[in-house]
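Geometric and topological summary
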Amino acid sequence: MHIFAFMLSQAEENYLKAIFKLSEKQEGSISTNSIATEMKTAAASVTDMVKRLSKSGCIHYEPYRGVTLSEKGDAIAKNLVRKHRIWETFLFDKLNFTWDEVHDLAEQLEHIQSDELINRLDHLLDYPKFDPHGDPIPDKDGNFALREQYPLSDMDTDSESIIIGVREHSKTFLNYLEKTGLLLGADIKLLEKFEFDNSMRILINQTKEQTITQKVSNNLFVKKK
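The model shown is predicted, which means the values in this text are computed figures rather than measured ones.

Glancing now at the overall build of the chain. Of the regular secondary structure elements, the chain holds 8 helices and 8 strands. Expressed along its principal axes, the backbone C-alpha trace of the chain runs to roughly 55 × 45 × 25 Å. Relative to its full complement of 225 residues, the chain shows a buried share of 42%. Contacts in the chain between residues far apart in sequence, at least 24 positions, make up 61% of those at least 6 positions apart. When the accessible surface of the chain is totalled, it reaches about 12400 Å², and 49% of it is carbon and sulfur.

Rendered as structure tokens:
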């Protein structure tokens, strides 16, 4: 993956990564309001930043239509995502941080500029394809590993699946998953769906029954057994 040789501020990098993540969830231009929500900042601040990023050639920006990443911005964003997820994996696998601790640390470490450091970490970790939350790690050329995955909420009654990822990375959600046993690799059998609120009763690892809300099932990615 070719990274263009110029320096951006950490704030600019964070905006590019936020736009990239939003573009993974939706097609077309990303609105400044969506970016403001993702960045937890005011819309006016977003407008100022996207104008700066547009001048640097990292994004295409049309007022009232939104933002898309340029080839340059896409490459920078993917490299940031790569560094972030490799750092998360290193912290989790080698330093025994928990999966709810690694995100904030990786947010700081991802801004280290050395690609050689990241490549050596990648080699040390034996080139992982997914991070501790089940998110795909792009390789040095910006390619992501592909796999079939579905929100648990899409599964049918009596179906069986395995948790392979989480959409929500907040500490409160990850702590909830720890306490209920809804961890990566857990076997899930859907016993019953409740029409009233789309909550569901599930069997975890063939031993523990649990009722979960639609919000929880929407934020768990599974693969079919």
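Here we come to the environment of N14. Checked against the element boundaries, N14 lands in helix α1 (residues 10–25). Remark: the alpha-carbon pair of N14 and A145, spanning 131 residues in sequence, is separated by 23 Å. Within the structure, the side chain of N14 is placed 3.2 Å from the side chain of H111, a separation counted as a polar contact.

Here we come to the environment of D156. For D156, the position within the fold is in the loop between β3 (150–151) and β4 (160–166). Looking at D156, the relative accessible area reads 55%, which means it is exposed.

Our next topic: the packing of aromatic side chains. One pass over the full model with this rule turns up 2 aromatic pairs. Relative to F144, the ring of F20 lies with its centre 6.1 Å away and its plane at 15°, an arrangement referred to as stacked. Taken as a pair, F20 in helix α1 and F144 in the loop between α6 (115–124) and β3 lie far apart in primary sequence, 124 residues in all. Here F20 falls in the buried class, since its relative accessible area comes to 6%. Where W87 meets F90, the ring centres are 5.9 Å apart and the plane angle is 80°; that geometry is what we call edge-to-face. Separated by 3 residues within a single helix, W87 and F90 lie in helix α4 (residues 71–93), roughly one turn from each other. On the basis of relative accessible area, W87 is assigned to the buried category, the value being 9%. Taking the relative accessible area as the measure of exposure, F90 reaches 16% and is therefore buried. Here the basic side chain of R147 rests over the ring of F130, its NZ or CZ set 3.8 Å away from the ring centre.

Here we come to the pattern of salt bridges. Applying the stated criterion across every chain yields a total of 12 salt bridges. In this structure, K78 engages D74 in a salt bridge whose closest nitrogen and oxygen atoms are separated by 3.3 Å. Remark: D74 and K78 occur in helix α4; sequence separation between them is 4 residues, near one turn of the helix. We note a salt bridge from R201 to E209, for which the minimum N-O separation is 2.9 Å.

Scoring rules and cut-offs
- Residues numbered from 1 in each chain as written.
- Predicted model: local features only at pLDDT ≥ 70, side-chain atom pairs only at ≥ 80, totals over all residues.
- Heavy atoms only, no water.
- Helix = DSSP H or I, 4+ residues; strand = E, 2+ residues; numbered from the N terminus.
- Buried < 20%, exposed > 50% of the residue type's maximum accessible area, 1.4 Å probe, protein only.
- Contact = heavy atoms within 4.5 Å.
- Areas by Shrake-Rupley, 256 points an atom, 1.4 Å probe, with all protein chains shown as cover.
- Polar contact = N/O pair within 3.5 Å; in protein donor to acceptor, adjacent residues only side chain to side chain.
- Phe/Tyr/Trp six-rings, centres within 6.5 Å; stacked < 30°, edge-to-face > 60°.
- Lys NZ or Arg CZ within 6 Å of the ring centre and 35° of its normal.
- Salt bridge = Lys/Arg side-chain N within 4 Å of Asp/Glu carboxyl O.

Treat this as a map of the structure, not an account of what it does.
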